[in-house]
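Commentary on secondary and tertiary structure
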Amino acid sequence: MAVFLAGCLAASAQDVLQESAQLTDRGDFNGAAVLLDNALRAPDLSPARLKQLEFQRDVLNRIKKDYSLTKDALFHKLSGSVKNLEPEEFERWLADGWFDGRLIDGQMFYLDVSVANLYFRHPELNARRMDGKDTTEEQRNRLAVARAIKQAAQDTGTPYVLPHHFSCTMTVTVKSNTVPRGDMIRAWLPIPRQYPYQNDFQLGNAHPLPSSVAPEDSPIRSAYFEQRSSEDGSAKFEIAYTYTSRGVFFDLDSNRVTRPNLSAPFLAPYIREAPHVVFTPKIRELAHQIAGGETNSMLQAKAFFDWIGANVKYSFAREYSTLTNISDYCLSHRYGDCGQEALLFITLCRSEGIPARWQTGWDLFPGGKDIHDWTEIYLAPYGWVPVDPWAGLFATQYCPTLTPAERRELHNFYFGGLDYYRMAANANHSQRLDPPKKTLRSDDVDFQRGELEWSGGNIYFDRYSYNLDVQELK
């Protein structure tokens, strides 16, 4: 009887989650909130079920934070960016679905990054942009770096070349009135892990001193801190470190590539399904369509890389924690950010038996510093080889000052190549922090901006700021 009741309760809780998701999709956020709040008041909830319900309840608020623009607010922001924007033109763009919008309790709201995304999806409008950034120098410099790395690798006969040394200071600042005065705040900040192309990590000054530092081979490497909040309920965490990063270039030859033993323990996790890596019929059909009759794993992966570079637009994303299947989202919309493009590439590869995994941290390229995600695939006899779908897409679609031949050259470099302006903290997605976080993760897929909590719950992204100051050591 006890087993039967437990099964009924589990099924009931699952029904609540499904029903709340359906209400959310229909725009009834209030209804979903009431349903979840009632479920959270049920007696004897298991810790796992409680966390699941709390997470879905919090997702409603996270979506509202992302979709913060009313129609009028969006038009106002666009008017300050697009030269000579007329209301009739704006209405046409809305009708054609140019902006990510959601119905929330009877009103339409738009994604807070809609203005920037307009130019990624419709680059012809850049000629009318009044607040654009000139990326000419970055385009030329990325090509020059790629050429230097490729030449050095060919000259030396090794894929890891041109070591560059960096000094970094990451600062995370919790805003005033976030927690009660003197309450303990726990914080995890990303730091470089060990890779063949990345080493020599040295911890410098830190405030407060970290309570622990994850091992150098951790799949989600962090420094962990504890600190009591100040008089105004704020706090500041800071860590400095140095490390060395090398450029990577594998001079790949498809004739040398063989199928590895996919049952080997070090490969098995990277050929199966995982959160956001789901072999849907749509994924399998697309993988077969792109690969055609090709059986060589390197050429299959290159075909996936080329397809994404030509067919997926870049777009800033809503928070990953609000999505149930990121690779499907990217494929369905034909746009996404670097992590969404990376997960789509990983999913296509794994669906065809090509080991693929996530890498993530920061892109430190001068003029383009930002959090960033990319991938690795395993090709025998080369081993783990870097592939950056975003960089390939950037070269193909967003480097207008380069010639077509130069764009192809830069695109192809990032299949087997990687620039040295990287800080890689993660070796897989959806990993568990050490020590584990007691409350909800702000990002349960990635780890770049830090994670924080206090006794009252998670401290979400809107309650703290983060910054990575980088200096290249000559």
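Below is a short write-up of the structure. (Residues numbered from 1 in each chain as written. Predicted model: local features only at pLDDT ≥ 70, side-chain atom pairs only at ≥ 80, totals over all residues. Heavy atoms only, no water.)

Regarding the sheet that holds strand β6 (residues 212–213)
Operational definition: The rule for pairing is simple: two strands pair if DSSP sees at least two bridges between them. Numbered from the N terminus, helices here are DSSP runs of H or I no shorter than four residues, and strands are runs of E no shorter than two.
Ordered in space as β6-β7-β4-β16-β17, the 5 strands form an open sheet in which the pairing is antiparallel. Lying at the two open borders of the sheet, with one neighbouring strand each, are β6 and β17 (457–459). Where β6 meets strand β7 (residues 222–228), 2 bridges bridge the pair, whose relative direction is antiparallel. Looking across to β7, one finds that S212 is bridged to Y224.

Side note on the pattern of salt bridges
Formally: Each reported salt bridge corresponds to a side-chain nitrogen of Lys or Arg within 4 Å of a carboxyl oxygen of Asp or Glu. Relative accessibility under 20% of the residue-type maximum defines a buried residue, over 50% an exposed one, and the middle range a partly exposed one, all with a 1.4 Å probe and only protein chains included.
Following the criterion strictly, the structure yields 23 salt bridges and no others. As a salt-bridge pair, E89 and R128 come within 2.7 Å of each other at their nearest N and O atoms. Of this pair, E89 sits in helix α5 (residues 87–95) while R128 sits in the loop between α6 (114–121) and α7 (136–156), placing them 39 residues apart in sequence. A relative accessible area of 24% places R128 in the partly exposed class. Taking the shortest distance from any N to any O, the salt bridge between R422 and D419 comes out at 2.9 Å. By relative accessible area, which is 0% here, R422 ends up buried. Residue class for D419 comes out buried when judged on its relative accessible area of 0%. Three or more residues are tied together by salt bridges with common partners; here these are E138, R142 and D363.

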